[in-house]
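Results of the structural survey
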Amino acid sequence: SSRSVLTTLSHSRALAALASGVVHLLQNRDAQAAPLPMAHDDGFVEHHALTGARHAIENPLTPERYDVSQWPETRQKYLERFRDNLVTIITESRSRNVRVILMTMPFQYRLAPAWKQRQPAAGDPQHLETMTRLVTETLALQDQDQPAEALERIREAIRLDPLPPVPHYLEAELLESLERPIEAEAAYARSREAMIGNLGSQLSINRVIREVAAKEGAELIDVRKIFDDYHHRRQRHFNSELIHDDCHPTPLGHSLIAQHLEPLLEVAGPT
């Protein structure tokens, strides 16, 4: 019944304009459009800051809280379930003559590693002391405005243990300060890929989407590439104008998606 009512109301442009106005009013109450911070007893704050690695460094995920060695297996199970769900969506939709268009997922490159979830200082407990020392030395060199030396130090940490996201994030910050934005963007992406929790594994998620689209013959809009190309043509990076939180597009981002979706819908003709 609710679906029927909404379908009927959607034919009225006046009501659509009214609904749009209400949405804008609600959004204007919170210009950041971000979740409210949630503090924990020990000082860790979820959604502490949208960007930056210091909060993650000060509030690491300790072995007592979570055995990091379990994460690769858990992550793989999640990706397999995600793949199966996509295939099911395509199969069930086609059985009902519903067209399916998949889209890759754009994301906030600079998202703070601990924006929602603590992150480990090391993937292997045996490396914890060394990784902590190398990160501390990197931060000291960064504060002393020695980005080249700091970059070498953090890359030593990444070579030792590439699993935690913070070293990749620091590498990206340093590359950005050295005016190497393309390399910085790739390092930020590696940080997002390494993050434990539902905000991580962004590169793998997009890989699965592309693989399923190719195997199932589904149409695909590579939104991540569209966003990257749009910014790079304008000598900009990191989706700063196109993503307003961890992954949700701004109005400009939605406009880009619509521009690339419209030609596909026009080819299909009226239904």
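Shown above is the structure to which this text applies.
Description of the structure in this document.

**Some remarks on the overall build of the protein chain**
Summing up its helical and strand segments, the protein chain has eleven helices and four strands in all. Put simply, of all contacts in the protein chain between residues at least 6 apart along the chain, 69% involve residues at least 24 apart. For the protein chain, the accessible area works out to roughly 15,700 Å², and carbon and sulfur atoms hold 55% of it. A distance of 6 Å separates the average location of the 30 positive side-chain charges in the protein chain from that of its 38 negative side-chain charges.

**Some remarks on the pattern of salt bridges**
Opposite charge on two side chains makes pairing possible when the charged atoms of those side chains draw close. Taken as a whole, this structure holds 17 salt bridges when the rule is applied. We note a salt bridge from R83 to E211, for which the minimum N-O separation is 2.8 Å. On the criterion of sequence distance, the pair formed by R83 in helix α4 (residues 71–95) and E211 in helix α9 (residues 202–216) is long-range, its members being 128 residues apart. Under the relative-accessibility criterion, E211 is labelled partly exposed at 33%. Between R207 and E211 there is a salt bridge, with its nearest N and O atoms 3.5 Å apart. Of this pair, R207 and E211 both sit in helix α9, separated by four residues, roughly a single helical turn. Residue R207 is classed as partly exposed on the basis of its relative accessible area of 36%.

**Some points on the nonpolar core**
Of all hydrophobic cores here, the largest spans 27 residues; its most connected members are Y109, I154, L170 and Y188. Ranked by the residues each element gives to this core, the list is headed by helix α7 (residues 165–177), at six residues. The contact partners of L170, leaving out residues within four places of it in the chain, are A53, I57, V135, T138, L139, Q142 and I154. Of all hydrophobic cores here, the second largest spans twelve residues; its members include L86, V208, V212 and A213.

**Quick word on the side chain of D245**
Along the chain, the position of D245 falls in the loop between α10 (223–233) and α11 (251–268). One buried charge, D245, has no salt-bridge partner; the nearest side chain with opposite charge is R192, at 8.1 Å. Here C247 takes part through its backbone nitrogen, which lies 3.1 Å from a polar atom of the side chain of D245. Only 2.9 Å separates the side chain of D245 from the backbone nitrogen of H248, close enough to count as a polar contact.

**Structural notes on the packing of aromatic side chains**
Inspection of every chain in the model, using the stated rule, returns four aromatic pairs. Ring centres 6.4 Å apart and planes at 15° place the aromatic pair Y78 and F82 in the stacked group. With Y78 and F82 both in helix α4 and four residues apart, this pair spans about one turn of that helix. Seen in terms of ring centroids, Y169 and Y188 are 5.1 Å apart; in terms of plane orientation they differ by 75°. Their pairing is edge-to-face. A residue pair is termed long-range when its members are at least 10 positions apart, and Y169 in helix α7 and Y188 in helix α8 (residues 181–194) qualify at 19 residues. With respect to burial, Y169 and Y188 carry one shared label: buried. Members of the aromatic cluster, each reached through a chain of ring pairs, are Y169, Y188 and F238. One residue, R234, lies across the ring of Y230, its end atom 3.7 Å from the ring centre.

**Focus: a nonpolar patch on the surface**
On the surface, V5, L6, L9, L15, L18 and V22 cluster together to form a nonpolar patch covering roughly 540 Å² of accessible area. Every element with two or more residues in the nonpolar patch is listed here: α1 (2–9) and α2 (13–28). Note that V22 resides in helix α2.

Reading the values: rules and limits
The residue count restarts for each chain, going from 1 along the sequence in the order it is written. Only residues with pLDDT of 70 or above have their local features reported here, since the model is predicted, and side-chain atom pairs are shown and tallied only from 80 upward, although totals for entire chains, interfaces and linings are computed over all residues. The side-chain numbers reported here are obtained from all heavy atoms of the structure, hydrogens and water having been left aside. Secondary structure elements are taken from DSSP: a helix is a run of H or I of four residues or more, a strand is a run of E of two residues or more, and numbering for both begins at the N terminus. Between two residues, a contact is recorded if the distance between any of their heavy atoms is within 4.5 Å. All accessible areas in this document rest on Shrake-Rupley with a 1.4 Å probe, and a residue is counted as covered only by the protein chains that are shown. We count Lys and Arg on the positive side and Asp and Glu on the negative side, and we leave His and both chain ends out. Lysine's charge is taken at NZ, arginine's at CZ, aspartate's at CG and glutamate's at CD. Just to be clear on terms, a salt bridge is a Lys or Arg side-chain nitrogen sitting within 4 Å of an Asp or Glu carboxyl oxygen. For every residue, the accessible area (1.4 Å probe, protein chains only) is compared with the maximum for its type, and the residue is labelled buried under 20%, exposed over 50%, or partly exposed between those bounds. In these notes, a set of buried Ala, Val, Leu, Ile, Met, Phe, Trp, Tyr and Cys residues joined through side-chain atoms within 4.5 Å is what counts as a nonpolar core. Counted as a polar contact is a pair of N or O atoms within 3.5 Å, where, for protein atoms, one must be capable of donating a hydrogen and the other of accepting one, and residues adjacent in sequence contribute only when both atoms are in side chains. Note on ring pairs: Phe, Tyr and Trp rings are taken, using the six-membered ring of Trp, and paired if centres are within 6.5 Å. Classes follow the plane angle, with under 30 degrees stacked, over 60 edge-to-face and the rest tilted. A ring is scored as having a charge over it whenever the NZ atom of a lysine or the CZ atom of an arginine sits within 6 Å of its centre and within 35 degrees of its normal. Patch rule: a residue counts if its relative accessible area is over 30% and it has no salt bridge; like charges are joined within 9 Å, and nonpolar side chains (Val, Leu, Ile, Met, Phe, Trp, Tyr) within 5 Å.

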